[in-house]
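Chain by chain, the residues:
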Amino acid sequence: MLIGWIGAAAGVALGLALALNVDVIVPFLEQTFGFHFMDPDVYYISGLPSEVHPGDVVRIASAALLLTFIATVYPALQASRTQPAEALRYE
């Protein structure tokens, strides 16, 4: 569970860092690799818009933490109901 929560926290931190700095990262990538993400000849907009809504961040992070909790606790409860000798009998 700890690994999942650390991963969720790292994902939120990296996602926020990317979303808040899209206006710096995209031009750097375009210059480095020599192409446009949103070519003005094709698209009506020439940049990638980025809006961070704190409520969305909280909901998504909470869902990730809840799913991590469920994914670790449920199998542990199932394993705790199994008798060790019964589990090893057919190995």
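Here's what I pulled together on the structure shown here. Here the structure is a predicted model, which means the values were calculated and not measured.

1. What to know about a nonpolar patch on the surface
Thought 1: A grouping of Met1, Trp5, Leu65, Leu66, Phe69, Ile70 and Tyr74 is seen on the molecular surface, where their side chains present a nonpolar patch of about 680 Å² in accessible area.
Thought 2: Take Ile70: its relative accessible area is 45%, and that puts it in the partly exposed class.

2. A few points about the packing of helix α1 (residues 2-20) against helix α3 (residues 54-80)
Thought 1: One way to put it is that α1 packs onto α3 with a least axis distance of 9 Å and a crossing angle of 160°. As judged from the angle between their axes, α1 and α3 are roughly antiparallel. Here α1 and α3 pass one another in a crossing that is right-handed. Contact with α1, carried on its side by Gly4, Trp5, Ala8, Val12 and Leu16, involves Val57, Ala61, Ala64, Leu65, Thr68 and Phe69 of α3 and no other residues of that element.
Thought 2: Taken together, the residues of the contact of α1 with α3 break down into 9 nonpolar, 2 polar and no charged.

Definitions and cut-offs
- Residues numbered from 1 in each chain as written.
- Predicted model: local features only at pLDDT ≥ 70, side-chain atom pairs only at ≥ 80, totals over all residues.
- Heavy atoms only, no water.
- Patch = residues over 30% accessible without salt bridge, like charges linked within 9 Å, V, L, I, M, F, W, Y side chains within 5 Å.
- Areas by Shrake-Rupley, 256 points an atom, 1.4 Å probe, with all protein chains shown as cover.
- Salt bridge = Lys/Arg side-chain N within 4 Å of Asp/Glu carboxyl O.
- Buried < 20%, exposed > 50% of the residue type's maximum accessible area, 1.4 Å probe, protein only.
- Axes fitted to C-alpha atoms, helices over the stretch in contact; angles between N-to-C directions.
- Helix = DSSP H or I, 4+ residues; strand = E, 2+ residues; numbered from the N terminus.
- Parallel < 35°, antiparallel > 145°, perpendicular 65-115°, else oblique.
- Left-handed = near helix turned anticlockwise from the far one by under 90°.
- Contact = heavy atoms within 4.5 Å.
- Nonpolar A, V, L, I, M, F, W, Y, C, P; charged D, E, K, R; others polar.

Remember that the coordinates give geometry; whether it matters functionally is a separate question.
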